[in-house]
Amino acid sequence: MVDETPLRADAQLNKERILAAAEEVFLERGAGASLDEVAKRAGVGIGTLYRRFPTREALLAATYSARFLSFAETSRSRAADLDPLDALRTYLEELVQYSNLYRGFAASLGTVLQIGTAGCLATTGEGARLLARAQNAGAVRPDISFNDLICVAVAISLATEHDSSPHAHIAHLVGVFMNGIAAVS
């Protein structure tokens, strides 16, 4: 988990500059972009970047945290209106779409979600909740884990990240997966 102790004003400013620069660089060049470039664009040394974000995944998680929080809140508010299987399907489709924002991000998704930012925790918690809800309703096989969902999200993200209009392809692939995990009556 990223250290959340209060920062001095200058350290907080550096953190904000790093996150803003990371957002720009990752959007332009993808999740594998040079962290030296992020530091340079933020106007800080690479040591300052690594002191705040010791790994690329920690920086990705921090950069994505607000998006993941919003994603989890939207999913939670919508899920009550959907049957358990549809709620899980929608969650998985949207997780894949979120994973395609930064080119190459999908390959790090599983690791990023384990970092422990508020957004990562919310996204993981919501996915686990929806999976348990679908399993309790008898709609999803009991041997399916949240990690299985993440593996599939990564695979679908990688398969669709270069599509010019991936929504239909994502929906199709998620549908294939959901049919495979549905409990047989």
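Worth saying up front: this structure is predicted, and the values here are computed from it rather than measured.

Calculation rules
Residues numbered from 1 in each chain as written. Predicted model: local features only at pLDDT ≥ 70, side-chain atom pairs only at ≥ 80, totals over all residues. Heavy atoms only, no water. Helix = DSSP H or I, 4+ residues; strand = E, 2+ residues; numbered from the N terminus. Buried < 20%, exposed > 50% of the residue type's maximum accessible area, 1.4 Å probe, protein only. Contact = heavy atoms within 4.5 Å. Lys, Arg positive; Asp, Glu negative; His and termini not counted. Charge placed at Lys NZ, Arg CZ, Asp CG, Glu CD. Phe/Tyr/Trp six-rings, centres within 6.5 Å; stacked < 30°, edge-to-face > 60°. Lys NZ or Arg CZ within 6 Å of the ring centre and 35° of its normal.

Describe the overall build of the protein, with residues and values.
In terms of helices and strands, the protein carries nine helices and zero strands. Listed N to C, the secondary structure of the protein is α-α-α-α-α-α-α-α-α in terms of helices and strands. With the principal axes as the frame, the protein shows a C-alpha extent of 60 × 35 × 25 Å. Buried positions account for 44% of the 185 residues belonging to the protein. Sequence-distant contacts, at least 24 apart, represent 71% of the contacts inside the protein between residues at least 6 apart. If the 17 positive side-chain charges of the protein are averaged to one point and the 21 negative ones to another, these points end up 5 Å apart.

Please set out the packing of aromatic side chains residue by residue, giving values where relevant.
Here the structure, examined in full by the defined rule, presents eight aromatic pairs. Ring centres of Tyr102 and Phe105 lie 6.2 Å apart, and the angle between their planes is 90 degrees; this geometry places the pair in the edge-to-face category. The pair formed by Tyr102 and Phe105 is uniform in burial state, with each residue classed as buried. Each member of the aromatic cluster is reached from another via a ring pair, and the members are Phe26, Tyr64, Phe68, Tyr102 and Phe105. Across the ring face of Tyr64, the terminal group of Arg67 is positioned such that the distance to the ring centre comes to 5.4 Å.

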